[in-house]
Amino acid sequence: ELPAPGPGEVRLRVLAAGINFRDVMWAQGLLPEDLLRHGFAGPSLGIECAGEVEEAGAGAAFRQGDRVVGIAPAALATHAVTRAEALVPLPESLPPEVAAGQPVAFLTALHALEHCARLAPGERVLIHGGAGAVGLAALQVALAAGARVAATAGSEAKRAALRLLGAEIVLDSRDAGFADRLREIWPEGVDVVLNSLSGEAMEQSLSLLAPFGRFVELGKRDYAEARRASLRPLRRNGAYFAVDVDELPRARPQHARELLAEAM
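So, a few notes on the structure that sits alongside this text.

Definitions and cut-offs
Residues numbered from 1 in each chain as written. Predicted model: local features only at pLDDT ≥ 70, side-chain atom pairs only at ≥ 80, totals over all residues. Heavy atoms only, no water. Core = buried A, V, L, I, M, F, W, Y, C linked by side-chain atoms within 4.5 Å. Buried < 20%, exposed > 50% of the residue type's maximum accessible area, 1.4 Å probe, protein only. Helix = DSSP H or I, 4+ residues; strand = E, 2+ residues; numbered from the N terminus. Contact = heavy atoms within 4.5 Å. Pairing = 2+ DSSP bridges. Axes fitted to C-alpha atoms, helices over the stretch in contact; angles between N-to-C directions. Parallel < 35°, antiparallel > 145°, perpendicular 65-115°, else oblique. Left-handed = near helix turned anticlockwise from the far one by under 90°. Nonpolar A, V, L, I, M, F, W, Y, C, P; charged D, E, K, R; others polar. Expected span 1.5 Å × (residues − 1).

Section: the nonpolar core
Of all hydrophobic cores here, the largest spans 47 residues; its most connected members are Leu113, Val125, Ala142, Val149 and Leu194. Elements with a contribution of two residues or more to this core: β3 (67-71), α3 (103-116), β6 (124-127), α4 (133-144), β7 (148-153), β9 (190-195) and α10 (253-263). Of all the elements, α3 adds the most residues to this core, at nine residues. Apart from the residues lying within four places of it in its own chain, the contact partners of Leu194 are Ala112, Leu113, Leu126, Ile127, His128, Ala138, Val216 and Leu218. By size, the runner-up hydrophobic cluster in this structure holds 17 residues, among which are Leu126, Ala179, Leu182 and Val193.

Some remarks on the sheet that holds strand β1 (residues 9-18)
With antiparallel pairing, five strands are arranged side by side in an open sheet as β4-β1-β2-β3-β5. Because the sheet does not close on itself, it has two edges, and the strands there are β4 (79-83) and β5 (87-89). For this sheet, the mean inter-axis angle between neighbouring strands, taken without regard to orientation, is 45 degrees. Strand direction decides the pairing type here: strand β2 (residues 48-56) and β3, joined by five bridges, are antiparallel. Directly across from Cys49, in β3, lies its bridge partner Gly70. With respect to the sheet, α3 is in contact with β2 and β3, its orientation differing from that of β3 by roughly 55 degrees. Its contacts with the sheet put α10 on β3 and β5, and the angle it makes with β5 is roughly 35 degrees.

Section: the side chain of Thr108
Its location among the elements puts Thr108 in helix α3. Since its relative accessible area comes to 6%, Thr108 is described here as buried. When sequence neighbours within four positions are dropped, the list of residues in contact with Thr108 reads Val134, Leu218 and Val245.

Examining the sheet that holds strand β10 (residues 209-217)
Pairing is parallel in the open sheet, where six strands are placed in the order β8-β7-β6-β9-β10-β11. The outermost strands of the open sheet, each flanked by one partner alone, are β8 (169-172) and β11 (239-242). On average, each strand axis in the sheet is inclined to that of its neighbour by 15 degrees, with strand direction left out of account. Relative to β8, β7 runs parallel, the two sharing four bridges. Bridge pairing in β8 links Ala153 to Asp172.

A few points about the packing of α3 against α4
Contact geometry of α3 with α4 gives a least axis separation of 8 Å together with a crossing angle of 45 degrees. Considered as vectors, α3 and α4 are oriented oblique to each other. Crossing handedness for the pair α3 and α4: right-handed. On α4, the residues that touch Ala105, Phe106, Thr108, Ala109, Leu110, Leu113 and Glu114 of α3 are Ala133, Val134, Ala137, Ala138, Gln140, Val141 and Ala142. When the residues that make up the contact of α3 with α4 are grouped by side-chain class, the tally is 11 nonpolar, two polar and one charged.

Topic: α4
With 12 residues, α4 ought to run about 16 Å at 1.5 Å a step, and its terminal C-alpha atoms sit 17 Å apart, in line with that. Residues Gly135, Ala137, Ala138, Leu139, Val141 and Ala142 constitute the buried set of α4. Next to the buried residues of α4 lie α3, β6, β7, α5 (156-164) and β9. Phi turns positive, to about 85 degrees, at Gly146, one or two residues after α4.

Shown next as structure tokens:
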């Protein structure tokens, strides 16, 4: 039983829900609850969906029957209640099953590369996990910005796909020597790292930053383990960003809605 939507909220009939790596880690007990507590979805399963509005609270920008897509807590369900500003209209060109898997990936890519890293034309960016949902979205955002892209993936089939999609350099994320290989091609380093690796691989990625480089961390494992890392790679005007888009609809709802509208 879900409560009636309050002011600014809507209750959705979920047509399709996206499943994220965050959901897998939470279900397996690999994420401490405190890492999720401050997010919009919180410690629940499901964070994004496409659905149809069944009931709208006072002041909500939607009405019964509207089809929408966006962020909703506990979205792996038949129904969900969420804030109206965490949703945008579902484009007619997108089936719900396709649209439901877009919000988190593109919110992450757009926020990380456009608003945190301020990626500029001609800059070099390293995208880890390039064949995953966020990686594929980031590849599109980076190429649209006119950046040069190096990407990593864990299988030859995925690496071949990344080459076809426009990545200039494609490396094996499971090869401990990926950083050395990238230095051979780009000896000056990279301007932006979009990181999802952990442990020593994260530190190797951090060491690739060029002066004025930006390191954007998407992973949670090193935070959960309270890992320590050397700050030396940041000494030449480097910047470090920790990105968790689950907090955006809660803390920066207007920003989240603008990004979601841009993605759609």
